[in-house]
Amino acid sequence: MDDASEKEKKSAEQNEKDQDTAGKKTPKTSKPGSGNRVSSGQKSPKGSKGEKGRSTPSKGNVKKAADEKKEEKKEDTPAPGEGDGEEGVPEGVVPIFLSSKTQEIFHCRCDEDVTEENPIKIITKQEILDDMRNRAAVCDFHPIKQEVIDYPTDEILVVYDYDFKYGQNFYCCITEEAKEKILNPQGPESGEGGAQEEEVVYTYIPPEPKDWVSLGSEKEIKEENVVENRRRIKVSVKRVRREFGAPYKFKDRNVADAKDGCIDCTSFDDRAFDLKKIELDKSIQSIPDFVDEGTQTDWKYPRNACTQYHPREFSQKEKEQLENSKNLQTVAESVTPRFELALQQNEIMDVFYIDWLHLGDADGNFGNKSDNHLKEYQSFTDLQFSKEKSITSIQWHPTIKGVVAVSVAEKMTFDERIDSAAKVIMTPSLILIWSFTDPIHPQLLLEAPDDIYSFQFCPSDPNIICGGCYNGQVVLWDISAHADRLKQPRGGNRNKKTNVLPGFEDPNALKTPIVRYCAVSSIENSHRAAITDIQWVPDHMEVSRMGVPQENKSMQACQIMTCAADYSVLFWDTRPPKGPGQLNLASKNEKSDKSLMGVPTTFKHLDLSWKPMLKVHLHKSEPGGDHAPVKFSISEKNGDRRALSKATDATDMSRENAMGGGYYTNKPGSGKDKRTLQSVKTHFYVGTEDGEIVYVDWMPVKDQDTGKIVTPKPDFYNAIHDGPVNTVQRSPFFSDIILCVGGWTFTIWKEGVTDEKTESKNKTGPILQSCANPVKMTAGHWSPSRPSVFYIAKNDGSVDVWDLLDKTHEPTLTQSVSPAPITTIFPFQISQKQHLLAVGDNAGTLHILEIPWSLRQPTPNEVTGISNYFEREVKRRAFVVMRWDFRESEKRELEQEQKRKAGIAPNVILTDEEIEYRMKQEYQAYLDEESAFLRELGLLKEEDEPLPET
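Below you will find a few notes about this structure. (Residues numbered from 1 in each chain as written. Predicted model: local features only at pLDDT ≥ 70, side-chain atom pairs only at ≥ 80, totals over all residues. Heavy atoms only, no water.)

A separate point is the overall build of the chain. From N to C terminus, the chain includes 16 helices and 39 strands. Among the 950 residues that make up the chain, the fraction classed as buried is 36%. Long-range pairs, those at least 24 residues apart, make up 64% of the contacts in the chain with a sequence separation of at least 6. Accessible surface, the chain as shown: approximately 63,100 Å² in total, 52% of it carbon and sulfur. (Helix = DSSP H or I, 4+ residues; strand = E, 2+ residues; numbered from the N terminus. Buried < 20%, exposed > 50% of the residue type's maximum accessible area, 1.4 Å probe, protein only. Contact = heavy atoms within 4.5 Å. Areas by Shrake-Rupley, 256 points an atom, 1.4 Å probe, with all protein chains shown as cover.)

Have a look at this one:
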């Protein structure tokens, strides 16, 4: 009792001191980390060590002190950040406020990443400095910027202040001593009076077992047990005869509603069960020594049993007698023909072919209705660069899977472009390269001087891209510096760090780079119209300035073919011309890979000075203008090196005499050490604006009249399409089969099929021509995996799938893809189990469709079947031409017979004088008609006749 009275007396004295202190104006807390002690009249933070060792005041004194504290707050309102919560901050600790954005950046979101039980978060010093560098004064660590810079170690401790002890939601340790005190609170620390905390050690005391004392629960358990006290009741349920077969309505009811409403029927093994066999399988052998029998038994428990015995064999003497017997020889001679026939059948037919496994392969063409439509896989569009524009060309990346490039152009006519020329110049002309990993942002943007209507990746170096502009120029890009960007996963597949917000470690990670072109052809030597088709010459060949196909020893594609509506097809060479000045330029380019604008100097020698090396002008056989090419196709394809095996020296030329002699003489830069590829066809197909299919030779000849080197006239041309030809493509399985699409029809041609006997100018025609479609066709493409399938895009936004082995009069499948007209399509084989179809429309959207199994898996012997079909069509066309000629001759014979019956004399052979007299009469009639026409126009005045003399 004496000790208690002394404690109460001391607490009363302490309260009086607190009241005196509260009546005065206490100085405000100094800067954080100054180590000021909390005043007696204020409430110290929870768990602070300064409270240890203090006596507990009485309730009345506490209430009185609290009232005085409230009055002090009313009289002296502290400034923001200097309130009561900031007083008593330990030394080396700074209160700091972290916004929600900062909490997300450093992964210290309140009550999620840090809680009241686990408030500690360690942040690296470099992360805070990067955040202050990115957001400057917006960063919440900016007030303690100098303390962070001067912090000795790399890890800074931030603690979540759940109760706002120090006035903010977090506090930060700016010294290592404060950091160690918070991380190791169990260490030796001194309290207010200097007393050291005692370490409490807990010892485990195992419980001791006690005797069980019954409280009556076992009696309740016995009462709940069910015991049979009476005999079971047997119930027999029968139904009235007249109710048999009558409909009955079942309904649900509760089991507890009726007595004995639930019956438990447990399963058990019936050892007396007996099942008799109704059918029995037996087999009989013709050899009496081997017997296989079966019988039916009534055993209740059958067991497995087997019997083994040795087979009976002939002795050596018996074998010799049988071999020497005439009966054996007679039997062998009689069965030999049948045995040989069986061996032949085994050679012809596959005896191990399992019909059941291959049952569905032959009918897998379009019979499987569950998987015969194109599925939407993904779509790409950019609201800034491709929206409301027309996709002009699509190209899949040849080596990187899931990367596709598209070119876009303004939807304007020629007159509209002239009217808005300034606006078109300010609008960027781009090629967008998309990746499946990021369907929102394009990976790269290729800048061009004008709208691109056709482009293509280089087959030997996919980082080189060539394109044809609307103004007729040829452009080259080098994306070698951005090749890693296309290969690395982006978007959702990006590797995220735990303590860094994605994007802050690399500010330019999400920005799409714009790649400027590194070379463009000179405008005066380029096409005079928009380039509508562009192709790389295969890497195993190159074309000389005289049009001779030669071996390319570097095996690097270096030449480009382009066509435009200016009646010409041009050949371009990307290699620098040979000369001393060019060698110095090449050495300079090797030293400086990039120019001042960051553009690669790969083709700096071509920029603004690039000229075509060979020009093919498409003349017409008769007057009336030339052919305006839109698409073309050559016979050689990249990767086919068969032409190299038949190469000869450059001096051994079969057309030397026809060229006028000396045409193939060795000249500087003409490749005198290169071999000529004799098996390469220099003829190629061209589709024109007028719907004509032209077959022409690019190798020039010497004109007999003028002596100039000119392009020969086409071997034939056929105006068969009713609109501009937009597709001329060779089959990937047959190099002599060409698909042409134009207007409202499509045709299939076979190279080498000509009609020599016909007298018309069209000496050849297609082996297959479709009927006119109600909707205009805009593009076509062969299937990369099935030789009989090709795709046709139409102006109403739908795609037709044709299978020549299934139907030839109508498409096998028609599917709507886009509400806008489709401009181009390109199927591509991603893997053996996934084929995708890229479809570009007139609204700037790229649709990626997944091709079903039935359209990508070839049927058995499909190549042989479609080859036989093409051969039959060639024979059919030859038969039709023969019947046309026969009908023409028959018609002429009938006309002569009718003239003979009418008494008309046959044609009389005139002499030379009579022919000359008739020609003079026809010429005089022509002059009279001309003068009469000029007189009607008022261009010819009649001379007045003189008056007669008197």
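From this point, things continue past the structure.
Its location among the elements puts His397 in the loop between strand E6 (390-396) and strand E7 (403-409). Engagement of the side chain of His397 in a polar contact is seen with the backbone nitrogen of Thr399, the distance being 3.2 Å. With residues near it in sequence (within four places) discarded, His397 still touches Val403, Phe457, Pro462, Leu486 and Phe828. (Polar contact = N/O pair within 3.5 Å; in protein donor to acceptor, adjacent residues only side chain to side chain.)

Tallying each qualifying case throughout the model produces 24 salt bridges. Between Asp803 and Arg786 there is a salt bridge, with its nearest N and O atoms 3.1 Å apart. Note that Asp803 is positioned in strand E35 (residues 798-803) and Arg786 in the loop between strand E33 (777-782) and strand E34 (789-794), a separation of 17 residues in sequence. On the basis of relative accessibility, which here comes to 1%, the residue Arg786 falls in the buried class. A salt bridge links Arg900 to Glu897; its shortest N-O distance comes to 2.2 Å. Here Arg900 pairs with Glu897, and both are found in helix H15 (residues 862-901), just 3 residues apart, close to one helical turn. (Salt bridge = Lys/Arg side-chain N within 4 Å of Asp/Glu carboxyl O.)

Within the chain, Tyr567 stands out as a residue other than glycine whose phi angle is a positive 70°. Note that Tyr567 resides in the loop between strand E18 (559-564) and strand E19 (568-573). Tyr567 gets classed as partly exposed once you look at its relative accessible area, which sits at 35%. Phi is positive for Asn861, which is not a glycine, with a value near 60°. Its place among the elements puts Asn861 in the loop between helix H14 (853-856) and H15.

Let's shift gears to the sheet that holds strand E37 (residues 822-831). Backbone-to-backbone hydrogen bonds pair the strands of a sheet. The strands run either parallel or antiparallel. Strand order in the open sheet formed by 4 strands is E5-E39-E38-E37, and the pairing between neighbours is antiparallel. Of all strands in the sheet, those with a lone pairing partner are strand E5 (375-380) and E37, marking the two edges. Taken over all neighbouring pairs, the strand axes of this sheet differ in orientation by 25° on average, direction set aside. In terms of strand pairing, strand E38 (residues 834-841) meets strand E39 (residues 846-850) through 5 bridges, oriented antiparallel. The partner of Ala838 across the bridge, within E39, is Ile848. (Pairing = 2+ DSSP bridges. Axes fitted to C-alpha atoms, helices over the stretch in contact; angles between N-to-C directions.)

Our next topic: the packing of aromatic side chains. Any pair of aromatic rings gets described here by the distance separating the centres and the angle formed by the planes. On inspection of all chains with the given rule, the structure shows 25 aromatic pairs. Of the aromatic side chains, those joined through ring pairs into one cluster are Tyr377, Phe380, Trp396, Trp434, Phe436 and Phe828. Positioned over the ring face of Tyr517 is Arg516, at 4.6 Å from the centre of the ring. Directly above the ring of Trp744 sits Lys776, whose terminal nitrogen or CZ lies 5.7 Å from the centroid. (Phe/Tyr/Trp six-rings, centres within 6.5 Å; stacked < 30°, edge-to-face > 60°. Lys NZ or Arg CZ within 6 Å of the ring centre and 35° of its normal.)

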